[in-house]
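Each chain, letter by letter, is given below.
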Amino acid sequence: MKQLVSILLLGLTSLATIAADLPADWRNWISVKTPLTEIGALPDCKADVSKLPPIYQETVATYCAVRAGGPGKVAVLVRPEAEKAYNKRSGGFPDGANMILHLKDMKALFVTFHQGDKASYKVMTEDGKDATAPSGPLAAQTCVTCHTGYKAFCKAGQCGTRK
Ligand code: HEC
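Residues numbered from 1 in each chain as written. Predicted model: local features only at pLDDT ≥ 70, side-chain atom pairs only at ≥ 80, totals over all residues. Heavy atoms only, no water.

(A) The site of the ligand, seen in detail. Around the ligand, 27 residues are found, and the nearest of them are Tyr56, Cys143, Cys146, His147 and Gly160. His147 places a polar side-chain atom, nitrogen or oxygen, 2.9 Å from a nitrogen atom of the ligand. Cys159 has a polar backbone atom sitting 2.8 Å from an oxygen atom of the ligand. Elements with a minimum of two residues in the shell around the ligand: α2 (35-39), α3 (54-63), β4 (96-103), β5 (108-115), β6 (118-125) and α5 (140-149). When its residues are assigned to classes, the shell around the ligand shows 16 nonpolar, nine polar and two charged. (Near = heavy atom within 4 Å. Polar contact = N/O pair within 3.5 Å; in protein donor to acceptor, adjacent residues only side chain to side chain. Helix = DSSP H or I, 4+ residues; strand = E, 2+ residues; numbered from the N terminus. Nonpolar A, V, L, I, M, F, W, Y, C, P; charged D, E, K, R; others polar.)

(B) Spatial organisation of the coordination of the iron atom of the ligand. Protein coordination of the iron atom of the ligand rests on one atom only, His147 (NE2), at 2.1 Å. Relative to the assigned elements, His147 resides in helix α5. (Donors = N, O, S within 2.8 Å, 3.2 Å for Na, K, Ca; no water.)

What follows is the structure, encoded as structure tokens:
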């Protein structure tokens, strides 16, 4: 009986992690052109970003100090199954990991997941390990605050627009 319970628990735990896992083939996802990827990199705190829309200014303010010289080069990757929803910009995302903001110089991934079209956020290493912090710029709540705080920019957790 004890064994059965632990097998059941094991099963449940692996089910719970599946939805929150990053597929190993994320590097083959579609690399999209967005306002941020056109800028090319997230700068350090000395950059003059006063001409950018407020959400981009706040993004720079939040992340410019996470690394000396700023976070650096970025790419936005979209899971092929989520491309239609990404292009439409009105939600309708499939369940699972759908979008990545790849901080290439930091070898870090900002990942947006959906479950029933509800977005959740994680920071991950390039090999898919969870690196979300309990507080500060790399905390899930920081992602939520910004990704829900700018209604004109973010729809169903998606802030960028394909160019
Ligand atoms: C202060 C605002 C802000 C914070 C905080 C923030 N983001 Fe974003 N995020 C943006 C903006 C703006 C874009 C769109 C950039 C572009 O492609 O032009 C974006 C883009 C993304 C993308 C690419 C898909 C999309 O939504 O366009 C992902 C994935 C992402 N963020 C995940 C995260 C995660 C995970 C966190 C927390 C660790 C986070 N973000 C924190 C503003 C923010």
